[in-house]
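# A structural walkthrough
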Amino acid sequence: MPDADFDVVTIGAGGGAYPAALRLARAGLRVLMTDPKGALGGNCLAEGCIPSKAMREVAAHVRLHARLTGDPAGIGYERIIAHKDDVQATRYAQHERELAGAPQVTLRRAMARFVDRHTVVVDDGVGRTAIKARHIIVASGADVLVPALPGADLCLTSRDLFGRDPRLTERPASMVIIGGGAIGVETASFFAALGTTVTILQLGSQMLSGMDTDMVATLQALLDPAIRIVSDAGVTAVERTREGVRVHYMHAGKPSHTEAAVAVMAIGRRPVIPEGFGALDLAFDQHGIRVDAAMQTGAPHIYACGDVNGRLPLFHVAVRESLVASHNILARDTPCDYMDYTAVPITLFTIPAAAQVGLTGAAARAGASDTVLVESAYAFREDARAQMTGDTGGGIHLFFEAGNLRLRGGWVVGVDADQLIGQIGVAVAAGLSAYDLARFPDQHPMAAEGISHAARALV
Ligand code: ADP
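Basis of the calculations
- Residues numbered from 1 in each chain as written.
- Predicted model: local features only at pLDDT ≥ 70, side-chain atom pairs only at ≥ 80, totals over all residues.
- Heavy atoms only, no water.
- Buried < 20%, exposed > 50% of the residue type's maximum accessible area, 1.4 Å probe, protein only.
- Helix = DSSP H or I, 4+ residues; strand = E, 2+ residues; numbered from the N terminus.
- Near = heavy atom within 4 Å.
- Polar contact = N/O pair within 3.5 Å; in protein donor to acceptor, adjacent residues only side chain to side chain.
- Areas by Shrake-Rupley, 256 points an atom, 1.4 Å probe, with all protein chains shown as cover.
- Domains from an automatic or database assignment.
- Contact = heavy atoms within 4.5 Å.
- Buried area = accessible area lost by both parts, 1.4 Å probe.
- Salt bridge = Lys/Arg side-chain N within 4 Å of Asp/Glu carboxyl O.
- Expected span 1.5 Å × (residues − 1).
- Pairing = 2+ DSSP bridges.
- Axes fitted to C-alpha atoms, helices over the stretch in contact; angles between N-to-C directions.
- Phe/Tyr/Trp six-rings, centres within 6.5 Å; stacked < 30°, edge-to-face > 60°.
- Core = buried A, V, L, I, M, F, W, Y, C linked by side-chain atoms within 4.5 Å.
- Parallel < 35°, antiparallel > 145°, perpendicular 65-115°, else oblique.
- Left-handed = near helix turned anticlockwise from the far one by under 90°.
- Nonpolar A, V, L, I, M, F, W, Y, C, P; charged D, E, K, R; others polar.

### Observations concerning helix H13 (residues 449–456)
The buried count for H13 comes to six of eight residues, which makes it a mostly enclosed element. Those residues of H13 lying buried are Glu 449, Gly 450, Ile 451, Ser 452, Ala 454 and Ala 455.

Printed below as a string of structure tokens:
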């Protein structure tokens, strides 16, 4: 006999879970959320995008200040951590108010595991409760992938840098980052801006694989030249030295090594699968738990949202997936809403930032689509705002469908890339054309002027 019944149970309380929970509660359903953190926000708020971007924001300002004033005065690392802590505390308090305003939602500080397709056991370390649920949303997220290498435990992870009680509390003089993906390169450019000597060791020949290759090449040319990037470096071991760490790797068939005060492991993240899920006989794919566009697993009442399905592990994707699941739960598991990945903005919060959305030129060339694209670009060296910040590298690249000139995608490297990609993404999602964009009075003197400027070149 279960100890309690709920309409919906969520496993996790991050971006894949709480948007659905709050939506469903608003519709009158009784929702139980479970998460050992005992708070909303998941890993994004605890150790991911929020703290890392709060810290990155300070680093970017330090760099801008130095560029505009010629004064290299830095900032104490403890001030950066204090700022991060403040932002996290503000957002946790905000989530608490959100929960207090949703009496239909119960949040338990507990782990959940599956017993069968309708029952989970919730364990808070003191006691266990069996819960029967009509619908279940698995949103247990992802965790840092640490390979079985000798000395891997000597490396810091993103949690140690950005978590609530970070292990790294002083800016290191030097850092080796293992992995040239988004987290690795963002971390490199953030610490380099603060004055740390950074080396990135990456396995393949191209950094940031999966991203538009033209965008990556543009970004790479604008990254701090002090960041040393070693490609085709397969790390074999990490060992402690008197001053820090020594990282051994194979490069061009030969053993090599590099030393630094700290090493950071950033080779990727892997989905966290709740205990008991394996016995439900539901499918996995190469990314994580397999779901369809309705966010349903093989069992229509069990949904998997966010990083646990690994489709596109970004917080804003998790939020939208969560809402799709909530709408389909309200429709009693007969799908009425579907996830669309064609216009999701993806930003690398490097310094400068790089961002892309939709179908881009390099992806089309690589065979992602048969659509013939017409490209139009705008260089930031001509942009008023870029000139004001002194950030005149990079630009905006837009890709339109030949013939009807519908905007299909774009990428931006440089000033305000992280903001501009949202505006470009809305235009892609809304099916706007170069004619529509050309007629829009983009605000002066903002970098968005480049969007209509690029469109006007075609019409
Ligand atoms: P997403 O953005 O995909 O929702 P996050 O990684 O931000 O992912 O959040 C996932 C949350 O799920 C984390 O806060 C984690 O503590 C929680 N979690 C992981 N496994 C379980 C489990 N078995 N029971 C309850 N919560 C879990």
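Now, onward.
### A look at the site of the ligand
Around the ligand sit 23 residues in total, of which Gly 16, Asp 35, Asn 43, Ala 112 and Asp 307 are the nearest. Here an oxygen atom of the ligand and a backbone polar atom of Gly 16 are 2.8 Å apart. Interatomic distance of 2.9 Å between a side-chain N/O atom of Lys 37 and an oxygen atom of the ligand. Considered on its own, the ligand offers 580 Å² of accessible surface; in the complex 95% of this is hidden by protein.

### Some words on the domain arrangement of the protein
The domains assigned to the protein are domain 1 (6–143 + 270–330), domain 2 (152–267) and domain 3 (346–456). The distance between the C-alpha centroids of domain 1 and domain 2 comes to 27 Å. In this assembly, 20 residues from domain 1 lie in contact with 16 residues from domain 2. Summing both sides of the interface, domain 1 and domain 2 together bury roughly 1500 Å²; the carbon and sulfur share of this comes to 61%. Taken as a group, Glu 47, Ala 59 and Tyr 77 account for 38% of the area that domain 1 buries against domain 2, more than any other trio of residues on that side. For the pair domain 1 and domain 2, the interface holds three salt bridges. In this structure, Arg 159 and Asp 143 form a salt bridge, with 2.8 Å as the shortest nitrogen-oxygen distance.

### A few points about helix H4 (residues 77–100)
Given 3.6 residues per helical turn, the α-helix brings residues three or four places apart onto the same face. Its 24 residues place the ends of H4 35 Å apart at the C-alpha level, agreeing with the 34 Å of an ideal helix rising 1.5 Å per residue. All buried positions along H4 are accounted for by Tyr 77, Ile 80, Ile 81, Lys 84, Gln 88, Tyr 92, His 95 and Leu 99.

### Focus on unusual backbone geometry
Residue Pro 352 is bonded to the preceding Ile 351 through a cis peptide linkage, with omega at 0°. Summarising the element assignment, Pro 352 is placed in the loop between strand E17 (346–348) and strand E18 (354–358). Between His 444 and the following residue, Pro 445, the backbone shows a cis peptide bond with an omega angle of 0°. Along the chain, the position of Pro 445 falls in the loop between helix H12 (434–438) and H13.

### Digging into the sheet that holds strand E8 (residues 174–178)
Sheet architecture is open: four strands sit in the order E10-E9-E8-E14, paired in parallel fashion. If you trace the sheet from one side to the other, it starts and ends with strand E10 (228–230) and strand E14 (262–265), each paired once. Pairwise comparison of adjacent strand axes, ignoring direction, gives a mean angle of 20° for this sheet. Across five bridges, the pairing between E8 and strand E9 (residues 197–201) is parallel. Of the residues in E9, the one forming a bridge with Ile 178 is Leu 201.

### Quick word on the packing of aromatic side chains
Applying the stated criterion across every chain yields a total of seven aromatic pairs. Both rings, one in Tyr 18 and one in Phe 315, keep their centres 6.5 Å apart while their planes meet at 45°; by these two values the pair is tilted. On the criterion of sequence distance, the pair formed by Tyr 18 in helix H1 (residues 18–26) and Phe 315 in helix H8 (residues 315–330) is long-range, its members being 297 residues apart. Taking relative accessible area as the criterion, Tyr 18 reaches 10% and is therefore assigned buried. For Phe 315, a relative accessible area of 27% puts it in the partly exposed group. Pairwise contacts between aromatic rings join Tyr 77, Phe 162, Phe 190 and Phe 191 into one cluster.

### Considerations on the side chain of Asp 391
Within the element layout of this structure, Asp 391 appears in the loop between helix H10 (384–389) and strand E20 (395–401). If we skip the residues at most four places from it in the chain, Asp 391 touches Arg 63, Arg 67, Pro 352, Phe 380, Ala 386 and Val 415.

### Thoughts on the nonpolar core
By size, the foremost hydrophobic cluster in this structure holds 49 residues, and its most contacted members are Met 33, Val 105, Phe 114, Val 120, Ile 137, Val 138 and Met 295. For this core, the secondary structure elements donating two or more residues are strand E1 (4–11), H1, strand E2 (31–34), strand E4 (111–116), strand E5 (119–123), strand E6 (128–138), strand E16 (302–304) and H8. The element contributing the most residues to this core is H1, with six residues. Not counting residues within four places of it along the chain, the set of residues in contact with Val 105 comprises Ala 21, Leu 22, Ala 25, Val 31, Met 33 and Leu 99. If you look at the next biggest cluster of nonpolar residues, it comprises 41 residues, including Ile 177, Ala 192, Ala 266 and Trp 411.

### Some details on the packing of helix H3 (residues 49–69) against helix H6 (residues 182–194)
The geometry of H3 relative to H6 is characterised by a closest axis approach of 9 Å and an angle of 40° between their N-to-C directions. For the element pair H3 / H6, the angle class is oblique. Crossing handedness for the pair H3 and H6: left-handed. Where H3 abuts H6, its residues Lys 53, Met 55, Arg 56, Ala 59, Val 62 and Arg 63 lie against Glu 186, Phe 190, Ala 193 and Leu 194. By residue class, the composition of the contact of H3 with H6 is six nonpolar, no polar and four charged.

### A closer look at the pattern of salt bridges
Under the defined criterion, the tally for this structure stands at 17 salt bridges. Of the charged contacts in the structure, one is a salt bridge between Glu 239 and Arg 246, with a shortest N-O distance of 3.0 Å. By relative accessible area, which is 23% here, Arg 246 ends up partly exposed. Salt-bridge contacts for Arg 408 lead to Glu 401; the nearest nitrogen and oxygen are separated by 3.0 Å. Arg 408 sits in the partly exposed class, given a relative accessible area of 22%. On the basis of relative accessibility, which here comes to 19%, the residue Glu 401 falls in the buried class.

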